[in-house]
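Residue strings, one per chain:
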Number of protein chains: 2
Amino acid sequence: MTELSKEPGKELGNAGRRRMLASTGGMMAWAGLGGIARADTGAADPGAAAGPAAKPLPAYAGWKDADSMIVHSANTIETKRTAFGNGVITPANRLFVRNNVAPPTDPALVKEPDSWTLEVSGVAEPRSFTVAELKTLGLAAVPMVLQCSGNGRNWFPHKPSGTQWTVGAAGCVIFTGVPVKAVLEAVGGMADGMVYMTSTGGEEIPAGLDPNTIKVERSVPISAIEDAILAWELNGQPLPLAHGGPLRIIVPGYTGVNSIKYIKHLAFTKEQSPAKIQQTSYRWTPVGGKPSPSDDAIWEMPVKSWINFPSDPDQTVQAGRVLISGVAMGGMTAAKTIEVSVNGGKDWQEAAFVGPDLGKYAWREFAFSAELAPGTHELACRATNEAGDTQPEERRENNRGYINNSWRDHMVVVKVA
Amino acid sequence: MTELSKEPGKELGNAGRRRMLASTGGMMAWAGLGGIARADTGAADPGAAAGPAAKPLPAYAGWKDADSMIVHSANTIETKRTAFGNGVITPANRLFVRNNVAPPTDPALVKEPDSWTLEVSGVAEPRSFTVAELKTLGLAAVPMVLQCSGNGRNWFPHKPSGTQWTVGAAGCVIFTGVPVKAVLEAVGGMADGMVYMTSTGGEEIPAGLDPNTIKVERSVPISAIEDAILAWELNGQPLPLAHGGPLRIIVPGYTGVNSIKYIKHLAFTKEQSPAKIQQTSYRWTPVGGKPSPSDDAIWEMPVKSWINFPSDPDQTVQAGRVLISGVAMGGMTAAKTIEVSVNGGKDWQEAAFVGPDLGKYAWREFAFSAELAPGTHELACRATNEAGDTQPEERRENNRGYINNSWRDHMVVVKVA
């Protein structure tokens, strides 16, 4: 179901308008970027694609592996739980997509990425840089979990509005670009008294609307400059438009919305952005509450893990030795331990991490060998990070269903025969 | 140019016949696996594709990013030097392809990879395993440089026969599978007195020929079991046929030919394989010499590095600050240091590694900031590994042009204005 069709008319005012626009923007993307990429997979009209049939990929993401993806809408595309491999890094063509507004449509974005310009302000010597210029300033490659704030929303019992992601609005990828600190060095450092790093996306704003209701602009605490980069590559390839190319700010450890795509302006500011997406969206608003800037912002990610194998509800697992595997992330510190339960959380045993450790912002693969008898089994996992935080049994309730890291919600029920 | 067309009739006997067959197999692959993947890129007949025009990708590798690849022949496809990113891991769709014989054509390989069977012998309890069974035995993900033995052959002055690779018959990827040691544990361990691990590929052998002249079977010292895996995933996706799927043995640190594709038989043996590809091919034969089993085998890779940016001969680099970047590998131990020279090797300065350290078998990204004045500059790099080996100035000469790690050969000449 699309966001638009799911609960039509439920939201009012700016929030509703923004959502309407996001969806409209999505339809513009289907049309404006070449329409349907895979005409053989179903109806060509996105309006007709509602219902149980799989939706085709939108053209700007037509290079994704269709069999690995769930297309919720043109702007919300999820990785199937069974499509995560055990290779730590999520291939670009299996990585989720989530846009708040349709991507910009200027063909130069794709053809001449090095000429994209970024304005930098709130610094000693404000100026703009082309991507080509940024490429001379420094280089960093950062393996990290990219995860939508709403990943796991599907399990909130009050059914928050928004895409009903399960686990697949996340991936572990390597972004490459220039450290924000190297850019700061080139502009004489930050101006005095700045508290936030504020990034503005290059999406096209429809005329006649208050930009603050539309624009994608997010502020994060200034401490994020330590590891943030301005990225032009994803997994060793030029950053695709679908993921924010030609230039995206990457804030490791923070939810995806904070890593602004097609970044046009990087500002160091004393206040948070006045944009709605900062002021009232992406907040820890209580269930049923009115969104308010006084609610805590959705910024850092917490410890989390889930099982990917076995996880296919249509699959019957053969009795005997079963290798259970999945991913564990620590959030702002590394995942330290991972436990697995084969009886719905009654008993836990420590599992082993396998494969390379790509640093604190990446996830780890884990594996656990279990003997499973015929019957139904509830497989769960819970991670603990270097800070000592253990993944909780229950989600932290909030109105829009952000940041679900409940191990119980992520449990897998498998049939063994 | 194809291998066949390059030096027609130069080789005689088995060597010539094998090459003829490999090339014929390549043509069979073009036809048998669906012909030309991108009919829009040029002539549809591979026989007509000789000459300066870019050749299209063969169908079995049609999913590669055509703009990133140099198609030497249907079985030899190179990554362009300018197509390596700085993200450490080479995306699968930019990874080189090199097959000695055309891939097997059974469609079940792709559709039912879990039913592929592997025979294991030279162990206490010989038996066969399906891939599905192997997946219950253990899990490992290994980041590593995959590199063709002949990478860099282009620079040997005696112009050895074989594909004229420069740097692009290499990539750093993550293979995922089961450790060979875990399989050995499941079969009661190795039989007594075994000295080699011998792997046999599942390629189809044409009737009427001595299999030893055709079959792809390689032996490596038994010490390789420490880190070897049987892999079913490449970079988090099911292992493609073009890279040896459904199952490939991966021998980290060894040249690519030792990691046998479509493996059907894993044997622990007292002798090296009688196959020609073991006995006389892939040997350190002196230039002009007759290949002999007494020549050392091409097994372990040495320390090596090269610059990827800037490396485009058609590009004029802007004078001023230039970020020079590339990759450095240690071979059997990790790369420890990397030096850069901007004057053809007269002076050297240590450069910095950037990005994650993925372990001793992976390469590291490095970056070096230089001020370059207008003119022509010779940019070089040389790596030193943890064992203390430094990349030499000169290649080790050998008849077939294997294992070129000369820093001088890999130097880049750039125009600055």
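Predicted model, so just to flag it, every value in this text is computed and none were measured.

### A closer look at the packing of aromatic side chains
Then step 1. Taken as a whole and assessed by the stated rule, the structure comprises 14 aromatic pairs over all chains.
Then step 2. A ring pair is formed by Phe84(A) and Trp363(A), whose centres lie 5.7 Å apart and whose planes are at 75°; its orientation type is edge-to-face. Of this pair, Phe84(A) sits in the loop between strand E2 (76-79) and strand E3 (97-98) while Trp363(A) sits in the loop between strand E19 (352-354) and strand E20 (364-372); the two residues are 279 residues apart in sequence, bridging distant segments of the chain. Both residues of the pair, Phe84(A) and Trp363(A), count as buried.
Then step 3. With 4.9 Å between their ring centres and 80° between their planes, Trp348(B) and Trp407(B) make a pair best called edge-to-face. Here Trp348(B), found in the loop between strand E17 (335-341) and strand E18 (349-350), pairs with Trp407(B), found in the loop between strand E21 (375-385) and strand E22 (412-416); they are 59 residues apart in sequence, far enough to count as distant.
Then step 4. You can call Trp348(B) buried: its relative accessible area is 18%.
Then step 5. Ring-pair connections join several aromatic residues into one group, and the members of that group are Phe84(A), Trp306(A) and Trp363(A).
Then step 6. Just above the ring of Trp116(A) sits the side chain of Lys264(A); from NZ or CZ to the centre is 4.3 Å.
Then step 7. Stacked on the ring of Phe156(B), the Lys or Arg Arg395(B) has its end atom at 5.8 Å from the ring centre.

### Points about the interface of chain A and chain B
Then step 1. Contacts between chain A and chain B engage 31 residues on the former and 31 residues on the latter.
Then step 2. Summed over both sides, the interface of chain A with chain B buries roughly 2500 Å², with 60% coming from carbon and sulfur.
Then step 3. Broken down residue by residue, the surface that chain A buries against chain B is led by Leu139(A), Arg321(A) and Leu323(A), which jointly contribute 21%.
Then step 4. At the surface where chain A touches chain B, the tally comes to 0 salt bridges.
Then step 5. At the junction of chain A with chain B, the criterion picks out 10 residue pairs in polar contact (both at pLDDT 80 or more).
Then step 6. Breaking the side of chain A that touches chain B down by element, the ones donating at least two residues are strand E6 (140-147), strand E7 (170-179), strand E11 (237-238) and strand E16 (320-329) of chain A.
Then step 7. By residue class, the composition of the side of chain A that touches chain B is 14 nonpolar, 12 polar and 5 charged.

### Comments concerning the pattern of salt bridges
All names here are of chain B.
Then step 1. Summed over the entire model, instances satisfying the criterion amount to 20 salt bridges over all chains.
Then step 2. The salt bridge involving Lys181 is made with Glu226; its shortest N-O contact spans 3.0 Å. Placement of Lys181 in helix H5 (residues 180-186) and of Glu226 in the loop between strand E9 (217-221) and strand E10 (229-234) is noted, with a sequence separation of 45 residues between them.
Then step 3. Judged by relative accessible area, which is 39%, Lys181 ranks as partly exposed.

### Details of the sheet that holds strand E1 (residues 69-73) of chain B
All names here are of chain B.
Then step 1. If you trace the 3 strands from one edge of the open sheet to the other, you get E1-E2-E3, paired in antiparallel fashion. If you trace the sheet from one side to the other, it starts and ends with E1 and strand E3 (97-98), each paired once.
Then step 2. Examined bridge by bridge, E1 and strand E2 (residues 76-79) share 4 bridges and lie antiparallel to one another. Looking at E2, one finds that Val71 is bridged to Ile77.

Conventions and cut-offs
Residues numbered from 1 in each chain as written. Chains lettered and ligands numbered in written order. Predicted model: local features only at pLDDT ≥ 70, side-chain atom pairs only at ≥ 80, totals over all residues. Heavy atoms only, no water. Phe/Tyr/Trp six-rings, centres within 6.5 Å; stacked < 30°, edge-to-face > 60°. Helix = DSSP H or I, 4+ residues; strand = E, 2+ residues; numbered from the N terminus. Buried < 20%, exposed > 50% of the residue type's maximum accessible area, 1.4 Å probe, protein only. Lys NZ or Arg CZ within 6 Å of the ring centre and 35° of its normal. Contact = heavy atoms within 4.5 Å. Buried area = accessible area lost by both parts, 1.4 Å probe. Salt bridge = Lys/Arg side-chain N within 4 Å of Asp/Glu carboxyl O. Polar contact = N/O pair within 3.5 Å; in protein donor to acceptor, adjacent residues only side chain to side chain. Nonpolar A, V, L, I, M, F, W, Y, C, P; charged D, E, K, R; others polar. Pairing = 2+ DSSP bridges.

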